[in-house]
Amino acid sequence: MKPTLLMAPQLPQGLVTQLEARYRVLGPFPSADPAALPAGAEEAVALLTIGGLPTRAALLDALPALRLVACYGTGYEGVELAACRERGIAVTTAGDANATAVAEFTFGLILASARRLLQGDAFVRSGRWQGNAVERMPQVPGLAGRRLGIYGLGEIGRRIARRGEAFDMEIGYFNRSPRTGLDYAYHGSLLELARWSDVLVVAVRASAETVGAIDAEVLAALGEEGHLVNISRGSVVDEDALAAALEQQVIAGAALDVFAREPEVPERLRQQPNLVLSPHVAANAASAQQAQQQVMLANLEVMLEGANYNRIA
């Protein structure tokens, strides 16, 4: 008899095929309502999910055989960790499997916003380029010598910082506490970091404490030449405040790969010409996806063997 897995979202088909060779896979099951669980879910030994989906105590109670909540990706903000601990259920993520892909994509967004790449593309496509574009498109400060502020210096944040160094940028960050062994400038608050930064990257882990952290005050501190880039979670940015800051030119521009209520993007944001929009694909590199899948498969193997997990709860 194959062990039973419950798949909450639809995972990549290549991964599902590998899982089905070893396990009985139920789902997808994108609802947090225990009453809507598929038949046989009570036998599930692992729940495969993503960080943004709710995994609460009531759902755990409806899955009496559950031993593991395995998150595809690095986030786990939707998982009720205390409830998992109380029930002896391990929680795992993909760790730093996608960190390199997200960091390189982040710099694509930084360049797109700070160097106005989309505006240049539109300029050419429209037929307005009739010669010396240097005289016809606004100059920008560039990146060399500018200040890159990183909100959240975890695995992704550190990789972003290293890439910033390669662009000759000065690096600063705000974290819950300073990181040892790094020469980057530590700032004691997000507001202080924003005042210092020319480009502010949101790479912090989503939590109740970070909801709406990038608010009107932080954006005003970033200033009229500043750029905001968010590759964390949409919940960290107050989208109304960002729309107002872009409309009123409180900041120079922004780039978002994540949104508060995906796949919804507020119309007010869609209308901003100084905003780059991306559909939550920073980790969508083949290398990153393969690495995430291998981590999930390995964690399931560990569960069956009864060995120790590389776990967060």
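See the structure printed just above.
Here the structure is a predicted model, which is why all the values come from computation and not from measurement.

Cut-offs used in this document
- Residues numbered from 1 in each chain as written.
- Predicted model: local features only at pLDDT ≥ 70, side-chain atom pairs only at ≥ 80, totals over all residues.
- Heavy atoms only, no water.
- Pairing = 2+ DSSP bridges.
- Helix = DSSP H or I, 4+ residues; strand = E, 2+ residues; numbered from the N terminus.
- Axes fitted to C-alpha atoms, helices over the stretch in contact; angles between N-to-C directions.
- Contact = heavy atoms within 4.5 Å.
- Core = buried A, V, L, I, M, F, W, Y, C linked by side-chain atoms within 4.5 Å.
- Buried < 20%, exposed > 50% of the residue type's maximum accessible area, 1.4 Å probe, protein only.
- Arc of directions from axis to C-beta.
- Phe/Tyr/Trp six-rings, centres within 6.5 Å; stacked < 30°, edge-to-face > 60°.

Q: Can you tell me about the sheet that holds strand β4 (residues 68–71), naming the residues and giving the values?
A: Strand pairing in a sheet is mediated by backbone hydrogen bonds. Such pairs are either parallel or antiparallel. Here we have five strands laid out as an open sheet, ordered β2-β1-β3-β4-β5, and parallel in their pairing. The open sheet has two edge strands, β2 (24–26) and β5 (90–92), and neither has a second partner. Between one strand axis and the next, the sheet turns by 20° as a mean value, whatever way the strands run. Across four bridges, the pairing between strand β1 (residues 4–7) and strand β3 (residues 44–49) is parallel. In the sheet register, Met7 faces β3, and the bridge partner there is Leu48.

Q: How would you explain the sheet that holds strand β11 (residues 253–256) if you had to name every residue and give the values?
A: A sheet is described by the order of its strands in space; here seven strands give the open sequence β8-β7-β6-β9-β10-β11-β12, paired in parallel fashion. Only two strands of the sheet have a single neighbouring strand rather than two, namely β8 (185–186) and β12 (275–277). Of the strand pairs in this sheet, strand β10 (residues 227–230) and β11 are connected by four bridges, and their pairing is parallel. Across the sheet, His227 pairs through a bridge with Gly253, a residue of β11. Helix-sheet contacts for helix α4 (residues 99–114) involve β6 (147–151), β9 (199–202), β10, β11 and β12, and the interaxial angle to β10 is about 150°. Contacts from helix α9 (residues 239–247) reach β10, β11 and β12, with the element oriented near 145° to β11.

Q: Tell me about the nonpolar core, and name the residues and values.
A: If you look at the biggest cluster of nonpolar residues, it comprises 31 residues, and the most contacted ones within it are Tyr151, Leu200, Ile214, Leu219, Leu228, Leu242 and Ile251. Secondary-structure elements contributing two or more residues to this core are α7 (190–196), β9, α8 (216–222), α9 and β11. Apart from residues lying up to four places away in sequence, Leu242 is in contact with Leu219, Leu228, Val237, Ile251, Ala254, Leu256 and Leu269. Membership of the second largest hydrophobic core comes to 28 residues, among which are Ala103, Leu109, Met169 and Tyr173.

Q: Would you mind going over helix α1 (residues 13–22) in detail, with residue names and values included?
A: Of the positions making up α1, those classed as buried are Leu15, Val16 and Leu19. Along the axis of α1, the buried positions cluster into a sector of 100°, meaning they face one direction only. Buried residues in α1 make contact with β1, β2, β3 and α11 (286–305).

Q: Would you mind going over the packing of aromatic side chains in detail, with residue names and values included?
A: As enumerated under the stated definition, the model contains three aromatic pairs in all. Ring centres 4.7 Å apart and planes at 20° place the aromatic pair Phe107 and Phe167 in the stacked group. Of the two residues, Phe107 is situated in helix α4 and Phe167 in the loop between α6 (155–166) and β7 (170–174); the sequence distance between them amounts to 60 residues. Of the residues examined, Phe107 reaches a relative accessible area of 5% and is grouped as buried. On the accessibility criterion, Phe167 (32% relative accessible area) is partly exposed. Ring centres 5.9 Å apart and planes at 20° place the aromatic pair Tyr151 and Phe174 in the stacked group. Note that Tyr151 is positioned in strand β6 and Phe174 in strand β7, a separation of 23 residues in sequence. Like Phe174, Tyr151 is buried.

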